[in-house]
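Survey of secondary and tertiary structure
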Amino acid sequence: MMMRLALLCRGVALAAFLGVLSWHGGAAAAPKEIVYITAKLDLPFWSTMGKGVESAALANGYAYSVMDSQLNPQTQLQHARDAIARGVAGIVISPVDSQTAPDTLELARKAGVPVVIADIGTNSGQYVSYIKSDNYRGAYEVGAAVAAALKEKGWQGDPFALVTISLARKNGQDRTNGFRDAMKDAGITHEGGLRQMQNYSAEETSGYVKSLLAATPRLRSIFIETDQPTMGALHTIKAAKRQNELLIGSFDAMPEVAALLKAGPLVACGMQQPYLMGAKAAEALVDSLHGKAPAKQIMVPILVATSKNVEQLMPVANKTVFGIGAR
């Protein structure tokens, strides 16, 4: 009887031990998750940033997923609730705009989930780090290149216009102010109109450019503040047979930027580096999760391309701007 009892006790102890091993093994098989909540995934800039977040998350042993807010603040907030409910380790967010970001940040703060902001910015709230492009400087340099080209053609007395991203975003404010300041410093002061994007499509900006051309017949240059809309602007200008009468400056870039700069009327493009930004955002989040304190703000430079230097920039831009060859 005593022998049977001893064997039974040993069996219970062994089962408990194996249970502990099984629990630890299960935890190792299901790594903690980093989620990227993006403003609009079907825009190349955001999908490339997601690749950067994913690369750094996986390299540091975290699972990765992405959630698309589709430019809807309520969807953004619900994504944060869902991510928190499933126990993610941390969140990288590119907010819909700076005005609605604080609600999401507050939700994460209450839940004790660390957040890193990648681009766009926030009006308030707590976060681990803010990864941003030098939007003001990049737009200023684009404006300086456009101003120089206008002067070469003797068009400096004619009006310019802007098609901006949302001016409720910090980055939209910085790009707009940077371009305007460059034109002002060059002595070009006649602003002929401004249109503000709502859905960031090529079709939307095509309509804006048509209205600007109709309203300002002597318009000589337009600053387009993001990638796909630039394609809409170029198509509209060519369809109107105005490609020899207008100059375009842009922000963000498509992979065919080298050919576009050489063909005109695009004369300068401020290229953010979204893959690099995404990787730095995830790395800052991982540092925080490991007890380190990343810089509160991390600035990523803009690559300003013209027909003269774009070929030299492309080896770097292919990865950091377009995510080509990156996982």
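Everything below is about the structure shown above.
As the structure is a computational prediction, the values presented were derived from the model and not from experiment.

This part takes up helix α4 (residues 101-111). Turning to α4, its buried residues number three or more, namely A101, P102, T104, L105 and A108. End-on view of α4: buried residues confined to an arc of 160°, all on one side of the axis. Facing away from the buried side of α4 by more than 90 degrees, the exposed set consists of D103 and K110. As for α4, its buried residues are in contact with α3 (73-85), β3 (90-93) and β4 (115-118). Phi turns positive, to about 75°, at G112, one or two residues after α4.

So, about the side chain of R242. Topologically, R242 is positioned in the loop between α8 (227-239) and β9 (247-251). Filtering out sequence-adjacent residues up to four positions away, R242 remains in contact with L213, P217, L219 and I237.

Taken in spatial order, the six strands of this open sheet run β2-β1-β3-β4-β5-β11, and their pairing is parallel. The strands lining the two open edges of the sheet, one partner per strand, are β2 (63-68) and β11 (297-300). Adjacent strand axes in the sheet meet at a mean angle of 15° when their direction is disregarded. Across three bridges, β3 lies against β4 in parallel orientation. When the sheet's bridge partners are listed, I93 is paired in β4 with I117. Set on the sheet, α3 makes contact with β1 (33-38), β2 and β3; between it and β2 the angle comes to about 155°.

Let us now look at helix α7 (residues 202-215). Look at α7: 20 Å from first C-alpha to last across 14 residues, which is about the 20 Å you get at 1.5 Å a residue. All of the buried residues in α7 are E204, T205, S206, Y208, V209, L212 and L213. In this structure, the buried residues of α7 make contact with β6 (160-164), β7 (191-196), β8 (221-224) and α8.

Estimates place the volume of the largest pocket at around 260 Å³. The biggest single contributor to the lining of the largest pocket is helix α5 (residues 135-153), with five residues. Here the residues of the lining of the largest pocket are counted per class, giving five nonpolar, two polar and three charged.

Grouped together as the largest cluster of nonpolar side chains are 61 residues, with contacts concentrated most on V257 and M271. Considering every element that reaches this core, the biggest residue donor is helix α10 (residues 274-289), with seven residues. Apart from the residues lying within four places of it in its own chain, the contact partners of M271 are D252, A253, V257, I302, L303, A305, L313, A317, V321 and F322. Counting residues in each nonpolar core, the second largest holds 18 residues, with A139, I188, L247 and V304 among its members.

So, how was this worked out
- Residues numbered from 1 in each chain as written.
- Predicted model: local features only at pLDDT ≥ 70, side-chain atom pairs only at ≥ 80, totals over all residues.
- Heavy atoms only, no water.
- Buried < 20%, exposed > 50% of the residue type's maximum accessible area, 1.4 Å probe, protein only.
- Helix = DSSP H or I, 4+ residues; strand = E, 2+ residues; numbered from the N terminus.
- Arc of directions from axis to C-beta.
- Contact = heavy atoms within 4.5 Å.
- Pairing = 2+ DSSP bridges.
- Axes fitted to C-alpha atoms, helices over the stretch in contact; angles between N-to-C directions.
- Expected span 1.5 Å × (residues − 1).
- 1 Å grid on protein atoms, 1.4 Å probe; cavity = no way out; pocket = protein on both sides within 12 Å on 5 of 7 lines; lining within 4 Å.
- Points joined across faces, edges and corners; volume = space filled by probe spheres on them.
- Nonpolar A, V, L, I, M, F, W, Y, C, P; charged D, E, K, R; others polar.
- Core = buried A, V, L, I, M, F, W, Y, C linked by side-chain atoms within 4.5 Å.

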